[in-house]
Amino acid sequence: MSQSIRLDALTVGYGSRRRPTTVLDATELTLPAGSFTALLGPSGCGKSTVLNAVAGFVRPTAGRVLVGGEPVTAPGADRGVVFQHYALFPWLTARGNVEFALKRLGLPRAERRRRALEALAEVELADGAEKYPAQLSGGMQQRVALARAIAAEPQVLLLDEPFGALDALTRARMQELLIRLWHRTGLTVLFVTHDIDEALALAERVVVLGGRPGRVVADHTDPSAPGLRELISRQLGHGHEA
Ligand SMILES: Nc1ncnc2c1ncn2[C@@H]1O[C@H](COP(=O)(O)OP(=O)(O)OP(=O)(O)O)[C@@H](O)[C@H]1O
Ligand SMILES: [Mg+2]
C-alpha cells in the first residue's frame, strides 16, 4: 500500500510571527502513490523544510500537505523518515532500535520483534540484528535507520540526504538496496539530495527547488533524457543567484 503526497500552496516561514522569513512560498507539488521522486536544490533552498512538513515536524504558515488526501497535522506511522545522521540509540541493538520505533503502534512484544527482524532482513542486515550501533559500519547503521523507517509499514518513505555521510562504494550499494526496496514495496518515495548524479541514478522524476523563498523551478519526468545533467546543473546555478 502507498499513498500520494501533495503540497497544496505550501508556505513555511521561520522566525518571529511578526517578521517571519519565508522559506517556501505557495509551493505546489503532487507525487502520485508509488512514485519515486528526487528533490534537488542548492543548500538552504528549503528541501529539508519540504520533507519535514510532509513528515509533520514542521507546521505550514499557510497552505497544507496532504498524504493520501488527508491533511498532515502531526508525525505519524504512515510516514517513515530517514535522515543523514542515523540517530540510533547507542545502548540498543539494531533490533532494539527498530523495535523501539514500533512501540507507539502498541503492538505486543513478540509482534514488535517479528516485524523488526523482518525489516532488518529487508535491508539485508538479518545477521547484524543483535549488534550495537558502534559495532556496525556507517552503511550498516544507515540500513538500521532504513529498517526503522519501514518497520511500521508506512505508506510513504521520506529520506533527507540519507547517504551523504557514506563513502562512494557504500553509497552506490545503498542506492541499489533502496531501489530494490522500492520495487518490492511500491512505497511512495521522496528523496532529498543536493547531488545531481544521485538524483538521476535513483529517481523516475527529478524536481528542482530553488530561489529564495524556495519554489519548484523545474520538474523532470524523464531522468534519462540526453543533456539533462547539464540542464539541471544550470538550473541549480540559477537557484543560487535568485
Ligand atoms: N528551524 C529553523 N529555524 C529558522 N530557520 C530555519 C530553520 N530550519 C531551516 N531554516 C532556514 O530555512 C532555510 C531552508 O532550510 P532547509 O534546511 O529547508 O534547506 P535545505 O535545502 O535542506 O538545505 P541543505 O541542503 O543545506 O540541507 C535556510 O535558510 C535555513 O537557514
Ligand atoms: Mg537539508
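Residues numbered from 1 in each chain as written. Chains lettered and ligands numbered in written order. Predicted model: local features only at pLDDT ≥ 70, side-chain atom pairs only at ≥ 80, totals over all residues. Heavy atoms only, no water.

S.K.: Even after reading the chapter, I still don't get the site of ligand 1, so can you show me in this structure?
M.R.: Residues in close proximity to ligand 1 include Y14, V23, P42, S43, G44, C45, G46, K47, S48, T49 and E161, which together make up its full environment. Here an oxygen atom of ligand 1 sits 3.2 Å away from a polar atom, N or O, in the main chain of C45. The contact in question runs from an oxygen atom of ligand 1 to an N or O atom on the side chain of S48, over 2.8 Å. Burial of ligand 1 by the protein chains amounts to 56% of its free accessible area of 640 Å². Looking at the shell around ligand 1, the element that brings in the most residues is helix α1 (residues 47-55), giving 3 residues. Broken down by class, the residue content of the shell around ligand 1 amounts to 4 nonpolar, 5 polar and 2 charged. (Near = heavy atom within 4 Å. Polar contact = N/O pair within 3.5 Å; in protein donor to acceptor, adjacent residues only side chain to side chain. Areas by Shrake-Rupley, 256 points an atom, 1.4 Å probe, with all protein chains shown as cover. Helix = DSSP H or I, 4+ residues; strand = E, 2+ residues; numbered from the N terminus. Nonpolar A, V, L, I, M, F, W, Y, C, P; charged D, E, K, R; others polar.)

S.K.: What exactly am I supposed to notice about the side chain of T49 here?
M.R.: Residue placement: T49 occurs in helix α1. Judged by its relative accessible area of 7%, T49 is buried. Only 2.9 Å separates the side chain of T49 from the side chain of Y14, close enough to count as a polar contact. (Buried < 20%, exposed > 50% of the residue type's maximum accessible area, 1.4 Å probe, protein only.)

S.K.: I'm lost on the pairing of strand β4 (residues 62-67) in this one. Help?
M.R.: With 5 bridges joining them, strand β1 (residues 5-14) and β4 adopt antiparallel strand pairing. Residue pairing in the sheet places I5 in a bridge with V67 of β4. In terms of strand pairing, β4 meets strand β5 (residues 70-71) through 2 bridges, oriented antiparallel. In the strand pairing of β5, L66 is matched with P71. Counted between consecutive antiparallel strands, the loop separating β4 from β5 contains 2 residues, among which G68 sits at a positive phi close to 60°. (Pairing = 2+ DSSP bridges.)

S.K.: I'm lost on unusual backbone geometry in this one. Help?
M.R.: Keep in mind that most residues, glycine aside, have a negative phi and that most peptide bonds are trans. For the peptide bond that leads from R212 to P213, omega is -5°, which places it in the cis range. Note that P213 resides in the loop between β9 (205-210) and β10 (215-220). For A26, which is not glycine, the phi dihedral falls at a positive 50°. One can find A26 in strand β2 (residues 21-31). Residue A26 is classed as partly exposed on the basis of its relative accessible area, which comes to 42%.

S.K.: What am I meant to see in helix α4 (residues 138-150) here?
M.R.: Helical periodicity: at 3.6 residues per turn, an α-helix aligns residues three or four positions apart in one direction. The end-to-end C-alpha separation of α4 is 19 Å, in line with the 18 Å expected for 13 residues at 1.5 Å each. For α4, a buried count of 10 out of 13 residues is recorded, marking the element as mostly surrounded by other parts of the structure. Within α4, the full set of buried residues consists of G139, Q141, Q142, R143, V144, A145, L146, A147, A149 and I150. Of the surrounding elements, those touching the buried residues of α4 are β6 (79-82), α2 (94-102), α3 (109-122), β7 (156-160) and α5 (168-185). (Expected span 1.5 Å × (residues − 1). Contact = heavy atoms within 4.5 Å.)

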